[in-house]
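Each chain, written out:
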Amino acid sequence: MPTTPAAPRPSVLTSAQRAAALINAATADPSALAEILRAHGEPEPVALTDEDADALRAAAGLLREVFDAPDTDRAAAALNRLLREHTGPLRLTTHGGATGWHPHLDRDDDAPWDEWLIASSCLALAVLLWERGRPPGGSCAAARCRNVYLTQGSGPERRYCSRRCATRERVAAHRRARIAEEPPIRG
């Protein structure tokens with residue numbers, strides 16, 4: 001008789017969004033990182049030590065390479081390297097019947113947070129690249145922003161993590177153009 005899952009597992013998109021959120025929270029404290037995990041479907045208990053938080057930040061830093069990749073081939077190469085160096089074989093688990101069946105690439109159900117983050121994020125990002133045939137996300141083009149974002153749907157290529165960054169860059173470019181057009185002031 002099949003088991004009924006106690007809690008649904010995050011979708012591929014939610015797992016990829018979680019990766020981006022953790023990359024963007026590079027300086028967050030353990031409680032803020034735990035809140036990001038909860039917000040993206042990680043069931044309780046979510047208790048992070050300072051060491052866990054340091055390891056999660058380091059893992060997120062490794063995942064940044066996928067978002068920084070300028071094209072699909074380099075995003076795939078980054079994912080392949082992370083999969084080769086940081087994950088185990090693909091397996092299915094229910095966490096002892098606590099969830100529905102879902103794939104894992106970490107070594108076991110009790111793997112450390114950083115190992116779990118890299119494995120689950122690589123799996124989600126690889127599926128998105130496979131389904132869409134393009135990088136799963138990118139890095140914000142705004143000069144003062146280090147955030148990453150996921151690309152969703154079709155349409156023009158996205159360059160900024162938010163409308164706020166896009167508007168800030170557009171206004172700055174407009175100001176630079178106006179200053180360049182103004183004749184010099186002669187005294």
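Quantities reported herein were computed from a predicted structural model and do not represent experimental measurements.

The rules behind these values
Residues numbered from 1 in each chain as written. Predicted model: local features only at pLDDT ≥ 70, side-chain atom pairs only at ≥ 80, totals over all residues. Heavy atoms only, no water. Core = buried A, V, L, I, M, F, W, Y, C linked by side-chain atoms within 4.5 Å. Buried < 20%, exposed > 50% of the residue type's maximum accessible area, 1.4 Å probe, protein only. Helix = DSSP H or I, 4+ residues; strand = E, 2+ residues; numbered from the N terminus. Salt bridge = Lys/Arg side-chain N within 4 Å of Asp/Glu carboxyl O. pLDDT = per-residue confidence, 0-100. Contact = heavy atoms within 4.5 Å. Axes fitted to C-alpha atoms, helices over the stretch in contact; angles between N-to-C directions. Parallel < 35°, antiparallel > 145°, perpendicular 65-115°, else oblique. Left-handed = near helix turned anticlockwise from the far one by under 90°. Nonpolar A, V, L, I, M, F, W, Y, C, P; charged D, E, K, R; others polar.

### Overview of the nonpolar core
Here's step 1: Judged by nonpolar contacts, the single largest core of 36 residues is most densely connected at Leu33, Leu37 and Leu117.
Here's step 2: Examining the composition of this core, we find that nine residues originate from one element, helix 5 (residues 113-132), more than from any other.

### What about unusual backbone geometry?
Here's step 1: Here the amide bond leading from Glu44 into Pro45 is cis, since omega sits at 5°, within 30 degrees of zero.
Here's step 2: Counting through the fold element by element, Pro45 comes out in the loop between helix 2 (30-39) and helix 3 (50-68).
Here's step 3: Positive phi outside glycine occurs at His95, with the angle close to 50°.
Here's step 4: Structurally, His95 is set in the loop between strand 1 (91-93) and strand 2 (102-104).
Here's step 5: Classification of His95 by relative accessible area gives partly exposed; the value is 25%.

### Examining the pattern of salt bridges
Here's step 1: Applying the stated criterion across every chain yields a total of 10 salt bridges.
Here's step 2: In this structure, the salt-bridge partner of Arg81 is Glu65, at a minimum N-O distance of 2.1 Å. Placement of Arg81 in helix 4 (residues 72-86) and of Glu65 in helix 3 is noted, with a sequence separation of 16 residues between them.
Here's step 3: Judged by relative accessible area, Glu65 falls into the partly exposed class, the value being 37%.

### Notes on the confidence of the model for the protein chain
Here's step 1: Of all residues in the protein chain, 93% attain a pLDDT of 70 or more, and the chain-wide mean is 88.
Here's step 2: When pLDDT is averaged over each element of the protein chain, helix 4 comes out on top at 97 and helix 6 (residues 163-181) at the bottom at 80.
Here's step 3: Low pLDDT (under 50) marks residues 1-5, which in the prediction has four contacts with non-local residues, meaning those over four places away or in another chain.

### Here's the deal with the packing of helix 1 (residues 12-24) against helix 5
Here's step 1: Two elements in contact, helix 1 and helix 5, have axes whose closest approach is 8 Å; the angle formed by their N-to-C orientations is 120°. Classified by the interaxial angle, the pair formed by helix 1 and helix 5 is oblique. Crossing of helix 1 over helix 5 shows left-handed handedness. Residue-level contacts link Val12, Leu13, Ser15, Ala16, Arg18, Ala19 and Leu22 of helix 1 to Trp116, Leu117, Ser120, Ser121, Ala124, Leu125, Val127, Leu128 and Arg132 of helix 5.
Here's step 2: Looking at the contact of helix 1 with helix 5 residue by residue, the classes come out as 11 nonpolar, three polar and two charged.

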